[in-house]
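Observations on the three-dimensional arrangement
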Amino acid sequence: MAVAEELSAGKASRVLGSPGARLAGRRLLAAIPVLLGVTFLTYVVMNLLPGDAAQELLGANATPAEVHQLEIQLHLNESFWVRYGNWLGGLLHGNLGTSLSGGEPVTTILGQRLPVTAELLLYAFVASIVFAVGLAVLAARWPNGLADRFSMVVSMTGLSVAPYVLALVLIYVFAVKIQVFPAIGYVPLTQSPVANIRSLTLPAAAIAFPLFSVYTRLLRADIVEQMQREDYIVTARAKGVRPWRILIRHALRNSLFGLITLIGLNLGALVGAVAIIEPIFSLPGVGAILISSITNHDVPVVEGIVVVFAVVVVLANLLTDLLYAALDPRIRYERAAA
Amino acid sequence: MSAPLPDILLPPEVTAPKPLRARRTRGKTLKIAIPGGLLILIAAACFVWPLVYPVPKPVGGSILDAGLPPFSPGHLFGTDPVGNDIFSRILYGGRVSFEVGFAVTAIGLVIGGLLGMVAGYWGGGVDAAVMRVLDVLIAFPALVLALAIAEGLGPSELHVIWALSVFSIPAFGRVARAAALTLRGQTFMLAARLAGTRGGRMLARHILPNIMPQLLTFSLLGVGVAIILEGALSFLGLGIPLPEPSWGSMIAQGQGTLSTQPELVLIPSAFLFVTVVALNLLGDALRERWAIT
Amino acid sequence: MRLGSTGNVRRFCLGGTALLLALAVAACGGGSSSSSSTPAASTAPHAGGSLTVLEGAGFAGDWPDGLDPATNINGAADQSYMDAVYGELFELGPKGAIIDDLATGYSFSNDAKTITITLRQGVTFTDGTPFNATAVVWNIQRDLKSACTCKPTWPVKSVSAAGPYTVTINLTLPDGAFIDQIFDSTADWIASPTAVQKMGEKAFAIKPVGAGPFTVVSDTLSSQLVLKKNPDYWQQGRPYLDSLTFKTVGSDEAAYEAMLAGQGQVYEDMSTPSLLKQAAQHFNVENQLSTSPYDLQLNTLAPPFNNKLAREAIYAATNFAPILQHVFNNLYPVTQGFTGPGGICYEPTVPGYPPYDLAKAQSLVKQLGGLTVNLGTIQNLVAQETTEALQTEWNAAGIKTTIASYPLAGLIAQFTSKKWQAMVQTAGAFDPAAGVGVGFRFSSMSPFSGVHDPHLDTLLNQAAGTVDMSQRCTLYNQAAAYIAQQFYGPFYFGFAPANIAVKGVTGPGLTEPLPAVVVTPTILWEDVANNS
């Protein structure tokens, strides 16, 4: 089969039977044990914690009898496997259980809080990628020039600064001293898009800055390497194609592969970032309740959050793998041959 | 906790030929010497200074000296709200940062490196199994585990090291595996196999020395990440227990009085920043150097 | 002697001679209600406007279970929200005055086992349900039956409606502190029975319906509560505010910055001393009146503090005045007992309280052959700084201390394991017999007490069981002196947090101090005005 035919879009029947689709199917199947593994591990970890939800809920004044009664009510007295099995069964029906703290269904809690976190992370990602691409392209256009040196300094700073420190500094400068952004709080998108963006800017910046730094370095290095080493670039230059066109249409597009893979890898770590940043800005997202849920042994809530993030991570990695395969035919055929 | 796994930053092929360039040896040496020297300076200060030159103890300060500003007599950086000398807390806190950073990275390097190397070289079922395990660890929210360990076992330096090692292992695993995979296809490997080299010897004599430079430079970046993560754990109150100092917990404590005593946050932040920058610069410089050899 | 304690006034009236009768008529005529809640502002408060109040996460800023009095485990911590939505039967006002809100009076039987409460007439819940004895009885019975540990701890035999606006509560044991305990109790907040039944408990907890000054517009649990003025509120001209919003913030510092950024006008319960000093430059800082002094509990059932000498050494090694000065900027008064300036029976100095004596401490430690202490406390800034300061001080006497701070669960675990040695806690309440009062920390029945002493138990029980205020105070003084004599645990300072407000906002708790109910006072939101 000619490579050219494979590269043309829209050949659905060929795509479905193609090595790419088989790759996707394999990866999807492989994702299931990963998800199971993650949820199982979380359950194990939460159960190893001393104390239990009933004691946490009832607080200091509770008698052992009261604690025991609540334990029965919350099914905490049943064995580990029974509880995990129940939860897993519920999961397959779309029921994530109810929070041990207040009895609210986990799906409701997630429904309220996930959009906030999702918007925050989306904002952070978009900002970091846009700025990274912009700066990397400028830097790569004139290696060791002004933009390049600037990019190196800025990205080194971003890699080395701790997000929580950055958040504190941002609040102090932009919310207290120059009152451009709010220090705390979240305004829903439906209420006011402008206020919504404003309320998320500082937290998104705190998360985005380290990401932006890594992406910039990666992109810049990759583009420069391509510009200097790849034969096709030499050919293009010889043909008289303008430098900017080479840079953006060819080098950048190829470099984006590496970037996409990296983004997929990042997502898991972002739970931690979100758990630190959201409380600092009093944003009502999932990060804000993650820590208190763990401390309160609110296993259903913790599991709910873990499942959502794990699914997103796995899907994202799957997507990037597929994208990689779709855009780079060599991968598809290498895999098929392997 | 958003510092990602920078394995992609490394050159895609270990033995790909690089264009020859005029060797700017002196520039390169400086690039290694300056951050390296800075790191040694900071580490020496943290570990050696208190032994040689007396500083006030980092805990148990007298409350009569609470809240002194920097450059007060006897307290270079001032004191915190219960009277502990900040300079001494920076030094002792730095010890914790270095210890945790290097321990976590060492564990990741050894265990993760081994796992990844074996998986990459052998391929097949072993590779698939190892990759699944690493996938689970990567998808697993780091924070939950770290919190659980801190809660369950109680906060301490050792437990922080364990908790963070769970994440350095898969990171090194992926890097080692990617590097080993690339090596597998090289001609010299084929030659070695034809010559009769088997398994362990292959790993030890051929693969390991060739992926070492990548792993080492990755390590230096990893130390920086580990230090920031330790700071994050301490910031959440789950790392080094109070009143023992750690740069992260100092930042967390200082956060409560940012408006009144900003130096409590700024000074440990500055040290944290400079140390991680030095580590990153050193890692970059070494990578540049070894890439040419 | 407090006004409004009808038992006293009645005895006064009954026992009077002609001369006394003349005076008594004046006192009796005043009835059982005390001052009405007019603010002390010199200019008339401005009606209308809105207010955003910031609350610290970890205490008041969390209400994960919603705001139903029968199920809100956080109970008294969420009193601001409960008070705004439900109002209260009785309120604790400035200078410790008991203010009638939805109830208009109370009386005790002679044996203090029956309490009769008269309710205000002509009040309706915001859903139109009439507020009457049936509703109140339904609520109290529901509270008592609930599985929540927030439920009232009175030894109740029965609760019934003696008339359309009269509620009778029969106890199995005498309780002279009943009304003092009501501020602390979820029974003070009355929910609309029709609303609970119609909406179901879960939905009601999120959008509660009461008869208070405000109604709920929206409620994002543990994050933001938006309220608006109740147009049918029983008190004419109140509340002053048109809308009231509560927002959670992470810490004192975060609240301070948010207020500087203009995102809130009030912050409740600030305790960071350096921030208080700085906040005073921009805002009104109102220090509340302490009712729960910080103290050190010593576990007398386990070593080393089963040995009286060890306990004595601790007293002798502790000098709290410099800690107060350097760590807390002298914001709080030193105390020697479990009473504070905001509560009843306040006794600033306890006769026979063992003074600071370093030499004596050192010799005692030598006599003991050394003393090592595990000192614990809860994870909050004031407590932690106190333990660190104590560690330093005791070091001078040769006492080696390891300090640890625990979240609530860990703290409970420490107590239940019985292996704890010393804990910095708060002891006392507005009425020592109520809530986290004295019994909680010093009675042999409490799992959180390190003391098992029948004599002390008797003193405390007697004090709780009588209505005669002067007798109660005498008994509490005796108890404090006995605690000091047995070296059961030194007391440190009367801590009460401060509320900070933007200039122009007035009200009890914001421009005049209130006694704390349980560590923190309840601001009377109907009397708060935003004049800026």
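Along each chain, residues carry numbers from 1 onward, in the same order as the chain's sequence is written. A letter from A marks each chain and a number from 1 marks each ligand, given out in the order of writing. Only residues with pLDDT of at least 70 are given local features in this predicted model, and only at 80 or more are side-chain atom pairs given and counted; all residues enter the totals for whole chains, interfaces and linings.

1. What to know about the overall build of chain C
Helix and strand content of chain C: 17 helices and 19 strands. Burial is judged by counting the other C-beta atoms within 10 Å of a residue's own C-beta: 20 or more makes it buried, 12 or fewer makes it exposed, and any count in between marks it as partly exposed, with every C-beta position built from the backbone. Within the span of chain C, comprising 532 residues, buried residues form 58% of the whole. By definition, residue pairs are in contact when their C-beta atoms, positioned from the backbone, come within 7 Å. For chain C, the share of sequence-separated contacts (at least 6 apart) that also reach a separation of at least 24 residues comes to 71%. Only DSSP runs of H or I with at least four residues qualify as helices, and only runs of E with at least two residues qualify as strands; both kinds are numbered from the N terminus onward.

2. Digging into the sheet that holds strand 13 (residues 294–298) of chain C
Residue and element names in this part refer to chain C. Strand pairing is assigned whenever DSSP detects at least two bridges linking the two strands. Across the sheet, which stays open at both edges, the 4 strands sit in the order 13-16-14-15 with mixed pairing between neighbours. Only two strands of the sheet have a single partner each, and these edge strands are strand 13 and strand 15 (399–406). For this sheet, the mean inter-axis angle between neighbouring strands, taken without regard to orientation, is 30°. Alignment of strand 13 against strand 16 (residues 422–426), held across 5 bridges, turns out to be antiparallel. The partner of leucine 296 across the bridge, within strand 16, is valine 424. This element, helix 10 (residues 308–317), spans strand 13, strand 14 (371–378) and strand 15 of the sheet and lies at about 155° to strand 13. Every angle, taken between N-to-C directions, lies between 0 and 180 degrees, and every axis is a line fitted to C-alpha atoms, over only the stretch in contact when it is a helix.

3. Remarks on the packing of helix 8 (residues 146–160) of chain A against helix 10 (residues 193–229) of chain A
Residues and elements named next belong to chain A. Here helix 8 crosses helix 10 at 135°, and the two axes come no closer than 7 Å. Regarding the angle of helix 8 to helix 10, the classification is oblique. For the pair helix 8 and helix 10, the sense of crossing is left-handed. Note on element contacts: helix 10 touches helix 8 through Phe209, Pro210, Phe212, Ser213, Val214, Thr216, Arg217 and Arg220, opposite Ser151, Val154, Ser155, Gly158 and Leu159. Each residue receives one of three labels: charged for Asp, Glu, Lys and Arg, nonpolar for Ala, Val, Leu, Ile, Met, Phe, Trp, Tyr, Cys and Pro, and polar for the others, Gly being one of them. Of the residues that constitute the contact of helix 8 with helix 10, the class distribution is 6 nonpolar, 5 polar and 2 charged. Geometric relationships in this document are graded by angle, where less than 35 degrees denotes roughly parallel, more than 145 denotes roughly antiparallel, 65 to 115 denotes roughly perpendicular, and other angles denote oblique. Crossings are classed by handedness, with left-handed meaning an anticlockwise turn of the near helix from the far one by less than a right angle and right-handed meaning a clockwise turn.

4. Quick notes on the pairing of strand 15 of chain C
Residues and elements named next belong to chain C. Both strand 14 and strand 15 contribute to a ladder of 8 bridges, which runs parallel. Paired with asparagine 374 across the strands is threonine 402, a residue of strand 15. The parallel pair strand 14 and strand 15, bridged by helix 13 (residues 381–396), forms a crossover whose chirality is right-handed. For a crossover, the right-handed case is the one in which the path from the first strand over the helix to the second runs clockwise, viewed with the strands pointing away from the viewer.

5. Here we look at the interface of chain A and chain B
Each partner contributes to the interface: chain A provides 53 residues, whereas chain B provides 41 residues. Of all the elements, helix 12 (residues 243–281) of chain A adds the most residues to the side of chain A that touches chain B, at 13 residues. Its residues assigned to classes, the side of chain A that touches chain B comprises 42 nonpolar, 10 polar and 1 charged.

6. Remarks on the environment of phenylalanine 172 of chain B
Residue and element names in this part refer to chain B. As for its position among the elements, phenylalanine 172 is in helix 5 (residues 157–184). In this structure, the C-alpha to C-alpha distance between phenylalanine 172 and leucine 115, residues 57 residues apart in sequence, is 8.7 Å. Those residues in contact with phenylalanine 172, other than ones at most four positions away along the chain, are Gly108, Leu109, Gly112, Gly113, Gly116 and Leu215.

7. Concerning the sheet that holds strand 12 (residues 284–287) of chain C
Residue and element names in this part refer to chain C. If you walk across this open sheet you meet the 7 strands as 8-9-10-1-11-17-12, and the pairing is mixed. Pairing within the sheet leaves two strands with one partner each, and these edge strands are strand 8 (214–220) and strand 12. The average undirected angle you get between the axes of adjacent strands in this sheet is 20°. Of the strand pairs in this sheet, strand 8 and strand 9 (residues 224–229) are connected by 6 bridges, and their pairing is antiparallel. Each bridged residue has a counterpart across the sheet, and for serine 218 the counterpart in strand 9 is valine 226. Where helix 8 (residues 252–260) meets the sheet, its contacts fall on strand 1 (50–56), strand 10 (243–249) and strand 11 (266–270), and the angle it forms with strand 1 comes to roughly 160°.

8. Digging into helix 8 of chain C
Since the α-helix advances by 3.6 residues per turn, residues separated by three or four positions end up pointing in the same direction. The element helix 8 of chain C is extensively covered by neighbouring structure, given that 8 of its 9 residues are classed as buried. Every buried residue belonging to helix 8 of chain C is among Asp252, Glu253, Ala254, Ala255, Tyr256, Glu257, Ala258 and Met259 of chain C, and all of these are buried. Buried residues belonging to helix 8 of chain C abut helix 9 (163–177) of chain A, helix 8 (247–255) of chain B together with strand 1, strand 10, strand 11 and helix 9 (273–279) of chain C. Glycine 262 of chain C, located one to two residues past helix 8 of chain C, shows a positive phi value of around 80°.

9. Describing the environment of threonine 466 of chain C
All names here are of chain C. The residue threonine 466 is located in the loop between helix 16 (454–465) and helix 17 (469–485) in this model. Along the primary structure threonine 466 and leucine 375 are separated by 91 residues, whereas in three dimensions their C-alpha atoms are 36 Å apart. The contacts of threonine 466, once residues within four sequence positions are left out, are Ala112, Pro174, Gly176, Gln471 and Arg472.

10. Topic: the packing of helix 7 (residues 106–141) of chain A against helix 10 of chain A
All names here are of chain A. It is at 6 Å that the axes of helix 7 and helix 10 come closest, and there the two elements cross at 35°. Between helix 7 and helix 10 lies a crossing of right-handed hand. The class makeup of the residues in the contact of helix 7 with helix 10 is 24 nonpolar, 2 polar and 2 charged.

11. Quick notes on the nonpolar core
By definition, a nonpolar core groups buried Ala, Val, Leu, Ile, Met, Phe, Trp, Tyr and Cys residues that are joined through C-beta atoms within 7 Å. Core analysis: the biggest nonpolar cluster contains 333 residues, and Tyr164 of chain A together with Ala313 and Ala479 of chain C have the highest contact counts within it. In contact with tyrosine 164 of chain A, other than residues within four places in its own chain, are Ile276 and Ile280 of chain A together with Ala232, Phe235 and Ile251 of chain B.

12. Considering unusual backbone geometry
Residues and elements named next belong to chain C. Cis geometry is found at the peptide bond from arginine 238 to proline 239, where omega equals -5°. Position of proline 239 relative to the elements: it lies in the loop between strand 9 and strand 10. Unusually for a residue other than glycine, aspartate 269 sits at a positive phi of about 65°. Tracing the sequence through the fold places aspartate 269 in strand 11.

13. As for helix 3 (residues 124–139) of chain B
With 16 residues, helix 3 of chain B should reach 22 Å at 1.5 Å per residue; the first-to-last C-alpha distance of 22 Å fits that figure. Taken as a whole, helix 3 of chain B has its buried residues at Leu134, Asp135, Val136, Leu137, Ile138 and Ala139 of chain B. Expected span of a helix, by definition, is 1.5 Å for each gap between consecutive residues, and there is one gap fewer than residues.

14. Things to note about the pairing of strand 5 (residues 114–119) of chain C
Residues and elements named next belong to chain C. Alternating positions in strand 5 separate cleanly, Ile115, Ile117 and Leu119 being buried on one face and Thr114, Thr116 and Thr118 remaining unburied on the opposite face. Summarising the sheet, strand 4 (residues 103–108) and strand 5 pair through 5 bridges and their orientation is antiparallel. Within the sheet, the bridge partner assigned to tyrosine 106 lies in strand 5 and is isoleucine 117. Linkage of strand 4 to strand 5, two consecutive antiparallel strands, is achieved through a turn of 5 residues, within which alanine 112 is found at a positive phi near 55°. As paired elements, strand 5 and strand 7 (residues 166–171) share 5 bridges and run antiparallel to each other. Opposite isoleucine 117, over in strand 7, you have valine 167 as the bridge partner.

15. Quick notes on the environment of isoleucine 260 of chain A
Residues and elements named next belong to chain A. Of note, isoleucine 260 is situated in helix 12. Classification of isoleucine 260 by C-beta neighbours within 10 Å gives partly exposed; the count is 17. Between the C-alpha atom of isoleucine 260 and that of isoleucine 276, which follows or precedes it by 16 residues, the distance is 25 Å. Every residue in contact with isoleucine 260, bar those within four places of it in the chain, is listed here: Thr320 and Leu323.

16. Looking at the confidence of the model for chain A
Residues and elements named next belong to chain A. On average, residues of chain A score 78 in pLDDT, and 83% of them are at 70 or above. When the elements of chain A are averaged for pLDDT, helix 1 (residues 3–7) gives the smallest value, 44, and helix 7 the largest, 90. Taken as a whole, residues 1–10 scores under 50 in pLDDT and shows 4 contacts with residues more than four places along the chain or in a different chain. The predictor's confidence in any single residue is recorded as pLDDT, a number from 0 to 100.

17. Things to note about the confidence of the model for chain C
Residue and element names in this part refer to chain C. Mean pLDDT over chain C works out to 84, with 91% of the residues at or above the 70 mark. When the criterion is pLDDT under 50, residues 1–41 qualifies, and its contacts beyond four places in sequence or with other chains add up to 51 contacts. For this predicted complex, the interface score ipTM comes out at 0.76, while the overall pTM is 0.78.

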